[in-house]
Amino acid sequence: MTVQQSAESGESGGAAEREGAGDGRAGAEAGTGTAVAEGADAVNAGADAPGKADEEAERPRKKRPFWQELPILLVIALLLSLGIKTFFVQAFSIPSGSMEQTLAIGDRVLVDKFTPWFGAKPERGEVVVFRDPGGWLEGTPASSGDSVMGSVQKVLSTVGLMPSADEKDLIKRVIAVGGDTVDCEAGAPLRVNGVALDEPYLFPGATPCDNDPVGTVTVPKGKLWVMGDHRNNSRDSRWHHNETGDGFVPVDNVVGRAFVVAWPLSDWSTLPVPDTFDKVPAGAAGAAGAPFEAPPAPEAAALAGIVPLAL
């Protein structure tokens with residue numbers, strides 16, 4: 001009895017264990033199935049997200065109408081033009097024949113205002129634009145600003161899109177710098193520091209000094225002696241020296257060097273320094289009176305960037 005009962009009890013216990021194991025396997029399978037199902041849902045959810053992002057990225061952005069973008073473009077263009085005029089290059093119109101035949105009336109020249117930032121100073125032979133030292137433009141007719149066109153030109157010249165019609169500026173060629181001695185006698189060639197200049201740029205028929213001889217003049221430090229290429233039609237340093245005993249232009253009055261005739265296209269040309277000025281030695285004042293020369297590399301690099309930008 002006892003053994004049989006024990007056997008029965010064992011069988012009963014084994015059955016219970018089998019049932020328990022079965023329940024465990026079922027639970028595990030159920031648990032596994034749930035986990036797999038949930039994992040699959042998570043993967044599917046993750047796969048759906050990039051698809052929506054791609055759809056949103058593929059949607060074309062709504063462009064602004066041109067009439068809304070035009071004012072922005074105009075403001076940017078005006079700001080760029082104003083910056084170029086102020087710091088890089090400025091256009092000037094030639095109002096008289098004092099620089100013929102190098103520059104004709106109505107020519108537009110571009111003036112380099114950038115290289116002075118590197119320490120460049122006016123040199124002999126350069127064509128420069130400078131502010132009136134005082135009294136040089138007396139008697140010159142002033143432009144009328146009452147007309148509509150005059151107002152338009154004033155606005156455009158402010159931002160550098162047109163040459164100014166009423167700025168007190170002149171344009172001449174630098175003949176001598178601080179410390180140089182100029183000999184300007186009638187019937188003789190112009191001499192700087194004892195060297196006679198060969199001046200092929202003079203207007204045909206014009207004489208170096210016959211119409212306004214001044215004798216021998218020494219240029220003070222920080223000043224320039226300037227003359228027009230049409231000597232018989234130029235109120236330059238000679239004329240003002242005879243009138244007031246001065247005629248010198250302060251270096252600080254120089255706006256910049258004219259380096260190219262940009263308009264009209266038929267007159268397009270560069271304005272290099274004539275070779276004759278390379279033969280002129282330093283003035284009596286020595287290095288102290290000579291202008292500081294900027295290194296050629298920065299100046300060349302600056303002009304290389306200015307020319308295409310300005311045009």
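The structure this text deals with has already been given above.
A quick note: this is a predicted structure, and the numbers were derived from the prediction, not measured.

Rules used throughout
For every chain, the first residue of the written sequence is number 1, and numbering continues from 1 onward in sequence order. With pLDDT at 70 or above as the cut-off, local features in this predicted model cover only qualifying residues; side-chain atom pairs require 80 or more to be listed or tallied, and sums for whole chains, interfaces and linings still use all residues. Processing note: side-chain calculations cover all non-hydrogen atoms of the structure and skip hydrogens and water entirely. Segments assigned H or I by DSSP are reported as helices when at least four residues long, segments assigned E as strands when at least two residues long, and all are numbered from the N terminus. The buried label goes to any residue with under 20% of its type's maximum accessible area, the exposed label to any with over 50%, and the partly exposed label to all in between, with areas taken from a 1.4 Å probe on protein chains only. Contact criterion: two residues are considered in contact whenever any of their non-hydrogen atoms come within 4.5 Å of each other. Only the protein chains shown count as cover for residues, and the accessible areas themselves come from Shrake-Rupley with a 1.4 Å probe. The pairing criterion for strands is at least two bridges between them, as found by DSSP. Defined by distance alone, a disulfide is two cysteine sulfur atoms within 2.5 Å.

A.B. asks: Help me understand the overall build of the protein, please; the structure alone is not making it clear to me.
C.D. replies: Each helix and strand counted, the protein has 5 helices and 12 strands in total. Among the 311 residues that make up the protein, the fraction classed as buried is 33%. Of all intrachain contacts in the protein linking residues separated by at least 6 positions in sequence, the fraction that spans at least 24 positions is 75%. Working note: accessible area of the protein is about 18,100 Å², and carbon and sulfur atoms make up 59% of it.

A.B. asks: Would you take a moment to explain the sheet that holds strand E8 (residues 215-218) for this structure?
C.D. replies: Either a parallel or an antiparallel arrangement is found when strands of a sheet pair, and the pairing is made through backbone hydrogen bonds. Here we have 4 strands laid out as an open sheet, ordered E7-E6-E5-E8, and antiparallel in their pairing. One side of each edge strand has no neighbouring strand; the edge strands of this open sheet are strand E7 (195-196) and E8. Two elements, strand E5 (residues 181-184) and E8, share 4 bridges in a ladder whose sense is antiparallel. Its bridge partner lying in E8, Cys184 is registered against Gly215.

A.B. asks: It is not clear to me how the environment of Asp252 should be interpreted in this structure. Could you clarify?
C.D. replies: Note on placement: Asp252 falls in the loop between strand E10 (249-250) and strand E11 (254-263). With 130 residues separating them in the primary sequence, Asp252 and Pro122 have C-alpha atoms 10.0 Å apart.

A.B. asks: Would you explain the state of the cysteines in this entry?
C.D. replies: By definition, a disulfide is the covalent link that joins the sulfur atoms of two cysteine residues. A full pass over the atoms with the stated rule returns 1 disulfide. Residue Cys184 pairs covalently with Cys209 via a disulfide, S to S 1.9 Å. Since a negative S-S torsion denotes a left-handed disulfide, the Cys184-Cys209 link at about -120 degrees is left-handed. Taken as a pair, Cys184 in strand E5 and Cys209 in the loop between E7 and E8 lie far apart in primary sequence, 25 residues in all. In terms of burial, Cys184 and Cys209 fall into one category: buried.

A.B. asks: What should I look at first to understand unusual backbone geometry in this one?
C.D. replies: Leaving glycine out, the prevailing phi sign among residues is negative, and the prevailing peptide bond configuration is trans. For the peptide bond that leads from Glu100 to Gln101, omega is 5 degrees, which places it in the cis range. Inspection of the secondary structure puts Gln101 in the loop between strand E1 (89-93) and strand E2 (108-112). Of the consecutive residues Trp263 and Pro264, the connecting peptide bond is found in the cis state with omega at -5 degrees. Relative to the helices and strands, Pro264 is located in the loop between E11 and strand E12 (269-270). In the Ramachandran plot, Asn193 falls in the positive-phi region, its phi being about 55 degrees despite a non-glycine side chain. Inspection of the secondary structure assignment puts Asn193 in the loop between strand E6 (191-192) and E7. On the basis of relative accessible area, Asn193 is assigned to the buried category, the value being 17%.

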